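# Working through the structure, step by step
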Amino acid sequence: MIVIGGGTMGTATGWALARAGHSVTVIEQFEHVHGLGSHGGKTRIFRHNYAEGEQYVPWTLEADLLWAELQERNPGERFMHRCGGLDISTPDGFRAQEAMHSAQRYDLDYELLRGTDINERYPAWNLPADWTACLDPTAGFLVVPPALKAMAREMAAAGGDLRTGERVLMWEERADDVLVATDRDTYSADRLVIAGGAWNGALMRDLGLPLEVRRKPVFWFEPRDPSLYAPDRFPVFVVDLGVDEFYGLPVHGDPGLKCGIHSGGNVVNPDAIDREVRDDDLLPAYRAFLAERFNGLSATVLDSTVCMYTMTPDEHFLIDRYPGKERVIYAAGFSGHGFKFAPVVGEYLATLATDDHAELLPWFAYERFLGAPQ
């Protein structure tokens, strides 16, 4: 097996294939775990009461189990932290209610709270009384580098080969195998999985996949009282303000509150993206949100970075067999909410790559876009 892309989903796929006893080579153009793609930014949210769609909930639970097992097998550095999670809505929004409905559908723990309840329980917050939030008590955050490195160690221990610093120049399906040529070597294998993140559009140019790569600045803001923003007093959150959707994570490791805007973002070429955070990246909406909704937080930026989202039109994942090529599987368009699913996505891609009769999940298949405006 060959996997193109050693980022989040490529690492997870190599990990799943190797642990299932398959020979696998993962090819990554950069170093393993880097800040040039979509898994920069140090931490990622995981949650289970899923406002983005009830169909994700079984995967959130399975991924949680797989992350927890990986953590137990790799105790040297803790990367999985449970602090709870809030899905927050204004009076005109539906995010809290959608999260609640997914919890009810799968009999998961939740609390539906008013703004004043949040303010009392979590004193960093300053929410209006008529806002609502769905609390997921089992949510939390993952620390990216040790999580992916733990996967890579287990992949290597199971016989998988991770090649870094190699850029794929071309690939083709032949009669009996798949050929992949890089700027350093040539490989062949029975099956190919393409998981190139923001570079998937170029790797699969002939498909014309409906993908947009968006530039996403992320900031860490200085708390005047860091204790208010510690994981034991401050859950991860996503808040839908209508025009803007913010997310945030508690202070951990680095001194600041991590906050980003999930919505929007300039469409970019991943090979020509401006990776420098500029003054105008700190939009007025940031300052207004921070000033109005938090206590003991300054607008001073302690750190920042630029990540990328690879978006599909409906913001759901794109995982499918390559049309007309029976040996090729691909995964793309994780739309800014994919990291938490990495181990279960890896297992799903491994299954598709090794079982020609494995069922495709229709809500992730390309067919849903056929006939839709592009």
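Quick caveat: nothing in here was measured; it's all calculated off a predicted structure.

## A short note on the sheet that holds strand β12 (residues 186-189)
Here three strands make up an open sheet; going across it, the order is β10-β11-β12 and the pairing antiparallel. Sheet topology places β10 (168-173) and β12 at the edges, where each strand pairs with a single neighbour. Taking each pair of neighbouring strands and ignoring which way they run, the sheet shows an average axis angle of 15°. Bridge count for strand β11 (residues 178-182) against β12 is four bridges, and the pairing is antiparallel. Bridge pairing in β12 places Ala-181 opposite Thr-186.

## As for the environment of Asp-176
Locating Asp-176 in the fold gives a position in the loop between β10 and β11. Between the C-alpha atom of Asp-176 and that of Asp-190, which follows or precedes it by 14 residues, the distance is 7.2 Å. The contact partners of Asp-176, leaving out residues within four places of it in the chain, are Asp-190 and Arg-327.

## A look at empty space enclosed by the protein
Using the criterion set out here, one finds two cavities of 30 Å³ or more in the structure. Taken as a whole, the largest cavity holds about 40 Å³ of empty space. Forming the boundary of the largest cavity are Phe-46, Arg-47, His-48, Thr-60, Ala-63, Asp-64, Trp-67, Met-80 and Lys-340. For the lining of the largest cavity, the element with the most residues is helix α2 (residues 57-73), which contributes four residues. Here the residues of the lining of the largest cavity sort into four nonpolar, two polar and three charged. Roughly 30 Å³ of volume is contained in the second largest cavity. Lining the second largest cavity, in full, are Ile-45, Arg-47, Gly-85, Leu-86, Asp-87, Val-236, Phe-237 and Val-238. Among the elements of the structure, β5 (85-89) and β15 (236-240) are those that each provide at least two residues to the lining of the second largest cavity. When its residues are assigned to classes, the lining of the second largest cavity shows five nonpolar, one polar and two charged.

Thresholds applied
- Residues numbered from 1 in each chain as written.
- Predicted model: local features only at pLDDT ≥ 70, side-chain atom pairs only at ≥ 80, totals over all residues.
- Heavy atoms only, no water.
- Pairing = 2+ DSSP bridges.
- Helix = DSSP H or I, 4+ residues; strand = E, 2+ residues; numbered from the N terminus.
- Axes fitted to C-alpha atoms, helices over the stretch in contact; angles between N-to-C directions.
- Contact = heavy atoms within 4.5 Å.
- 1 Å grid on protein atoms, 1.4 Å probe; cavity = no way out; pocket = protein on both sides within 12 Å on 5 of 7 lines; lining within 4 Å.
- Points joined across faces, edges and corners; volume = space filled by probe spheres on them.
- Nonpolar A, V, L, I, M, F, W, Y, C, P; charged D, E, K, R; others polar.

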